[in-house]
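Structural description and commentary
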Amino acid sequence: MLALYLALEYQKGINSQIYHYIQMLPKDFDDYMPIYFDYKLLEIVPDNMKELIDSQKIKFEKDLIKVSGFLKSNNVTRERFLWGWICVTSRCIYLENSKSWLNSNIRDNIAIAPMLDFLNHSFDAKIKGEFNKSNQCYEITTFTSYKKGQQVFINYGPHDNYLILLDYGFTILNNLYNYISLDNEFFKFKIPTEDERIWKFKSKLLMENGFYGDYTLNKSQISFRLLSALRLRLLPEIVNMNNSSNNDNSMFLSPPISQSLITNWKLTLNGEREIINNENEVEIYRWIYNICMELKNKYELKLKNVDNFKEFEFEKSFNRLTNIKLLWIESIDILNSVIELCNEFLH
């Protein structure tokens with residue numbers, strides 16, 4: 001509704017009640033917002049960025065269908081509604097109101113405010129933003145010290161570069177919230193002794209204990225979720241050959257892993273035990289090292305593709321390529337950091 005309102009007001013031109021605010025907004029976003037990336041650019045962005053862009057496009061199309069069905073006349077063009085839609089997604093703030101407690105979906109409690117988007121983002125900024133009911137103003141309080149003449153920043157939230165690029169159209173050098181997901185690598189890798197029955201047993205344990213998926217690396221550490229899941233995956237299986245029933249429940253009657261190892265694994269989850277054993281821990285770091293080396297080689301080739309990218313309107317695509325390039329560079333930096341960490345452990 002906010003996007004539609006902006007689009008309709010834009011079409012009124014100078015007759016709009018918010019004409020001056022409209023004039024403050026960007027005239028277009030196609031120079032840097034990923035939702036405008038064509039198929040050529042999509043070929044050189046990371047896979048998880050593609051997934052985010054696809055998801056955003058689907059959301060926009062659903063909103064466009066709703067708007068088209070709502071409007072009986074005075075139709076807004078697709079391009080103009082997309083402009084309004086991006087204005088809202090890149091500038092909205094959470095705004096609590098007297099009826100917020102009635103609405104379980106807090107994403108509906110949003111607002112846009114003139115001048116607010118002039119404040120740039122920094123993950124170092126410590127601020128509080130809220131609507132002051134007494135003076136009917138939205139106020140921002142900063143807890144970061146600034147000197148006269150310095151730019152004042154706000155914090156859009158703990159977002160990695162993928163999300164920042166998707167919603168705001170920029171990236172940040174050395175963003176401490178950047179990470180790499182190893183979910184695909186974890187679920188695709190095969191262990192020679194791990195048949196379907198053993199995998200189902202391990203999957204059930206991961207799900208029951210809340211450790212199924214969301215396996216990440218960042219520049220300073222390997223996530224505890226990934227380490228815990230790998231400890232289970234790389235446990236030695238003790239398969240009961242007499243139990244060959246096709247009944248899925250049979251695997252829980254005689255677990256394919258010794259109960260003592262399962263107990264020790266569960267103890268590592270709550271901190272009562274640091275590791276299961278040295279052999280298991282070495283296997284974990286060796287696996288992470290190998291995956292990181294494999295991904296590093298892959299990402300470096302992708303980075304070369306960005307450097308070699310040619311487009312007729314290169315000047316217009318400069319911002320896009322700069323952001324895409326930083327995504328790959330930051331990911332390679334994370335991999336190098338984790339490779340060094342694994343080397344220290346293994347040697």
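Notes on the structure follow. (Residues numbered from 1 in each chain as written. Predicted model: local features only at pLDDT ≥ 70, side-chain atom pairs only at ≥ 80, totals over all residues. Heavy atoms only, no water.)

Overview of unusual backbone geometry
Worth spelling out the cut-off: Per the convention used, a helix needs a DSSP run of H or I reaching at least four residues, while a strand needs a run of E reaching at least two, with both numbered from the N terminus. We call a residue buried when its accessible area falls under 20% of the maximum for its residue type, exposed when it is over 50%, and partly exposed in between, using a 1.4 Å probe and counting protein chains only.
If you check the backbone angles, Met115 has positive phi at about 80° while not being a glycine. Along the chain, Met115 turns up in the loop between β2 (110–111) and β3 (127–132). The phi torsion at Asp214 lies on the positive side, around 65°, for a residue other than glycine. Of note, Asp214 is situated in the loop between α8 (196–208) and β6 (216–217). On the basis of relative accessibility, which here comes to 48%, the residue Asp214 falls in the partly exposed class.

Regarding the layout of surface pockets
Filter applied, for reference: Think of a 1 Å grid over the protein atoms and nothing else: a 1.4 Å probe that fits but is trapped marks a cavity, an open set flanked by protein within 12 Å on at least five of seven lines marks a pocket, and residues with an atom within 4 Å of a point count as lining. Grid points are joined across faces, edges and corners, and a volume is the space filled by probe spheres set on the points. All amino acids are sorted into three groups, where Ala, Val, Leu, Ile, Met, Phe, Trp, Tyr, Cys and Pro are nonpolar, Asp, Glu, Lys and Arg are charged, and the leftover types, Gly among them, are polar. These domain boundaries are the output of an automatic or database domain assignment.
Computed from the structure, the second largest pocket encloses a volume of approximately 630 Å³. Sorting the residues of the lining of the second largest pocket by element identifies α4 (47–70), α6 (161–168), β5 (180–181), α7 (183–188), α12 (278–307) and α13 (314–346) as the ones contributing at least two each. Among the elements that line the lining of the second largest pocket, the one with the most residues is α12, at six residues. Residues that form the lining of the second largest pocket fall into these classes: twelve nonpolar, four polar and nine charged. When we break the lining of the second largest pocket down by domain, the ones giving at least three residues each are domain 1 (1–90) and domain 2 (180–238 + 256–346).

Observations regarding the side chain of Arg231
Test applied: The contact rule is simple, with two residues in contact once any of their heavy atoms fall within 4.5 Å.
With respect to the helices, strands and loops of the structure, Arg231 is situated in helix α9 (residues 224–233). Classification of Arg231 as buried rests on a relative accessible area of 5%. Discounting residues that sit within four places of it in the chain, Arg231 has contacts with Phe224, Trp265, Thr268, Glu274, Ile275, Ile276, Asn280, Glu281 and Ile284.

Concerning the pattern of salt bridges
Note the cut-off: Each reported salt bridge corresponds to a side-chain nitrogen of Lys or Arg within 4 Å of a carboxyl oxygen of Asp or Glu.
Tallied over the entire structure, the rule returns 13 salt bridges. When the shortest N-O distance is used, the salt bridge between Lys12 and Glu9 registers 2.8 Å. One end of the pair is Lys12 and the other is Glu9, both in helix α1 (residues 2–12) and three residues apart, which spans about a single turn. Assessed through its relative accessible area of 44%, Lys12 is described here as partly exposed. The class for Glu9 is buried, based on a relative accessible area of 7%. The closest approach of N and O atoms between Lys200 and Glu196, which form a salt bridge, is 3.4 Å.

Brief notes about the environment of Leu234
Inspection of the secondary structure assignment puts Leu234 in the loop between α9 and α10 (250–253). We classify Leu234 as buried; its relative accessible area is 18%. In this structure, the C-alpha to C-alpha distance between Leu234 and Glu279, residues 45 residues apart in sequence, is 9.7 Å. Once you skip the residues sitting within four places of it in the chain, Leu234 turns out to touch Phe189, Ile191, Asn280, Glu283, Ile284 and Trp287.

Structural notes on the side chain of Thr268
Operational definition: Pairing of N or O atoms within 3.5 Å defines a polar contact, subject to two protein rules: one partner must be a possible hydrogen donor and the other a possible acceptor, and residues neighboring in sequence count only if both atoms are side-chain atoms.
For Thr268, the location among the structural elements is in helix α11 (residues 259–269). You can call Thr268 buried: its relative accessible area is 2%. At a separation of 2.5 Å, a polar atom in the side chain of Thr268 contacts the main-chain carbonyl oxygen of Trp265. Excluding residues that lie within four positions of it along the chain, Thr268 makes contacts with Phe224, Arg231, Arg273, Glu274, Ile275 and Ile276.

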